[in-house]
Amino acid sequence: MAHSHDGIDWDAKIARLREGDELAGPETADLVRDLLRPQDRTVIDVGSGAGGAATAFADAMWDTGGTVILVDSAPELLAEAARNTAATAGPDVRVLSVQADVARGDLSAVGQADLVFASFVVHHLPDQLAGLRRLVKLVRPGGRLALVESGLEPRVLPWDVGVGEPGLESRLAAARADWFREMREQMPGATRLKVGWAQAMADAGLDGVLTWTQLVDRPAPVSGAAMTAVLRRLEWLRRGAEGRVAQADLDAVDALLDPDGPHYAGNRDDVHYLLAQTIHVGTLRP
C-alpha cells in the first residue's frame, strides 16, 4: 500500500481509527452540534479517517439536508468513510468523496463549503501553514474552517503502576514526542510552524479565531472501547520508545502489555483514558 507524505500507511490503520470513532462518538456528536450553524448546508471533512466525524455531520443534517464531502489521500480509508457515512445519512443528505492529498495535490475538485473540518490532519503536513492556506481556499466567503489540533495527549496510567520506576507514561510520552520531532525533520519539504494554531489560522487569512478544549474522559475502571484505547495507546508509546528510554522502561511497558502476566493493563481496575482535544475555528471574511 502507498504511504502518505509522513511515511504512515493510513490504510493499514482502519481498525484503530474505527476504534477511536467508537470511543469518542458522544464527544464528536457534541462537537458537530456546536460547530454547525442553521444556515450551513455543505461540510467538507478533510482527512475523514474511518468516517466518525462525517457520520456525525450527516446525522446532524438529517432534518435540514445538505452535502457532506469526504477528502482523504488513503483510498481504502476514503471508501470506508464513505460507506459508513452513506449508511446512516438521511434521504436529503448527499455524501460525496474525493481522493486528494492536502500536502501535495490540487484541491480544486473538492469544491467549497460552509464548514471545512480537519481533525488531527494539519500537524502531519510538511508545510503546515501552506496546508492551512489550501484548506482556506475550500471555505466559502462567510464560511469557517475548524481544526482539531494540540490539546493534551491521552493519559492512561496512574503515576506508579507497580512495575518499573514511577512516572513511566511521562517518559514514554517524551520519547514519542522526540520520535515525532525526528519524523518531521526527515519529512521531505518539512517547514516548522513557529506559532500556535490560532495565530497560524489568522496568518492563513481567517478572522475571529475562537479556541476551546473538549475532554474525552473515561475514568477508571474502564472496559470496552476505552480499555481497547488504553492498550492501543501503550502499544503506540512502546513503538516510539524503542531505543529512546532505558531498557527497564521497555520491560515495564512490556509487562503491562503481556496478557499472561500479573501486571497486564487489560486486567487492571486503575487504568483510565483522558484526552483533551482543542478546537480552533476561524471565519473567512465575506
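This part is about the overall build of the protein chain. For the protein chain, the count of helices and strands is 9 helices and 7 strands. Its C-alpha radius of gyration of 20 Å places the protein chain within 12% of the 19 Å reference for a compact globule of 286 residues. Along the first, second and third principal axes, the C-alpha atoms of the protein chain reach 60 × 40 × 35 Å. Counting across all 286 residues of the protein chain, residues that qualify as buried make up 49%. Sequence-distant contacts in the protein chain: of pairs separated by 6 or more residues, those separated by 24 or more amount to 80%.

Attention now goes to helix α6 (residues 168–186). Helix length check: α6 (19 residues) gives 27 Å between terminal C-alpha atoms against 27 Å at 1.5 Å per residue, within 8%. What α6 keeps buried is the set L168, E169, L172, A173, A175, R176, M183 and R184. Where α6 is buried, its residues touch α5 (128–136), β5 (139–155), α8 (224–241) and α9 (247–256).

A few words on the side chain of R144. Its location among the elements puts R144 in strand β5. Accessibility expressed as a relative area gives 10% for R144, which makes it buried. A polar side-chain atom of R144 sits 2.6 Å from the main-chain carbonyl oxygen of L35. R144 has contacts with L35, L36, R37, D40, D114, L115, V116, V139, V281, G282 and T283, leaving out every residue within four places of it along the chain.

Next up on the list: the sheet that holds strand β4 (residues 113–119). The mixed open sheet is built from 7 strands, whose spatial order is β3-β2-β1-β4-β5-β7-β6. On the outer flanks of this sheet lie β3 (93–99) and β6 (207–218), each paired with one strand and no other. Shown here is a sheet whose adjacent strand axes are inclined to one another by a mean of 20°, direction ignored. Along the sheet, helix α2 (residues 25–35) makes contact with β4, β5, β6 and β7 (273–283), crossing β6 at roughly 160°. Here α8 sits on the sheet and contacts β5, β6 and β7; the angle it forms with β5, its principal contact strand, is near 75°.

Attention now goes to the pattern of salt bridges. This model, assessed by the stated rule, comprises 21 salt bridges. Residues R140 and D114 are paired through a salt bridge, measuring 3.4 Å at the closest nitrogen-oxygen approach. Here R140, found in strand β5, pairs with D114, found in strand β4; they are 26 residues apart in sequence, far enough to count as distant. For R140, a relative accessible area of 32% gives the class partly exposed. Exposure remark for D114: the relative accessible area of 14% places this residue in the buried category. Close ionic contact of E153 with R233 constitutes a salt bridge, the shortest N to O distance being 3.1 Å. Of this pair, E153 sits in strand β5 while R233 is found in helix α8, placing the two residues 80 residues apart along the sequence. Using a relative accessible area of 6% as the deciding quantity, one classes R233 as buried.

When strand β2 (residues 66–72) meets β3, the two strands line up parallel, connected through 7 bridges. Bridging from a neighbouring strand, T67 pairs with R94 of β3. With respect to chirality, the unit in which β2 leads through helix α4 (residues 75–88) into the neighbouring parallel β3 is right-handed.

To continue, consider unusual backbone geometry. Leave glycine aside and you will find that most residues have negative phi; peptide bonds, for their part, are mostly trans. The step from A220 to P221 runs through a cis peptide bond, and the omega angle for that step is -5°. Structurally, P221 is set in the loop between β6 and α8. For F120, which is not a glycine, the phi torsion comes out positive at approximately 50°. Topologically, F120 is positioned in the loop between β4 and α5. Positive phi is not limited to glycine here, since S150 has a value of about 60°. Looking at where S150 falls in the secondary structure, it is placed in strand β5. On the accessibility criterion, S150 (41% relative accessible area) is partly exposed.

Reading the values: the criteria
- Here, residues in each chain are numbered from 1, in the same order as that chain's written sequence.
- It should be noted that, the model being predicted, local features are given only for residues of pLDDT at least 70 and side-chain atom pairs only at 80 or more, the latter also being counted only at that level, while totals for whole chains, interfaces and linings use all residues.
- Computation of side-chain values: all heavy atoms of the structure, hydrogens and water removed.
- Strands here are runs of E lasting at least two residues and helices are runs of H or I lasting at least four, both read from the DSSP assignment and numbered beginning at the N terminus.
- The globule rule is 2.2 Å times the number of residues to the power 0.38, and the radius of gyration it is compared with is taken over C-alpha atoms.
- Classification of residues uses two cut-offs on accessible area relative to the type maximum, computed with a 1.4 Å probe and protein chains only: under 20% is buried, over 50% is exposed, and between them is partly exposed.
- Any two residues having at least one pair of non-hydrogen atoms within 4.5 Å are treated as being in contact.
- Each residue after the first adds 1.5 Å to the expected span of a helix.
- Any N or O atom pair separated by 3.5 Å or less is treated as a polar contact, with the protein-specific requirement of one donor-capable and one acceptor-capable atom, and with residues adjacent in sequence counted only for side-chain atom pairs.
- Pairing between two strands is assigned when DSSP locates at least 2 bridges connecting them.
- Axis geometry follows a simple rule: fit a line to the C-alpha atoms, using only the stretch in contact for helices, then measure angles between N-to-C directions, giving values from 0 to 180 degrees.
- One speaks of a salt bridge when a side-chain nitrogen belonging to Lys or Arg is within 4 Å of a carboxyl oxygen belonging to Asp or Glu.
- Viewed with both strands pointing away, a crossover whose connecting path from the first strand over the helix to the second turns clockwise is right-handed.

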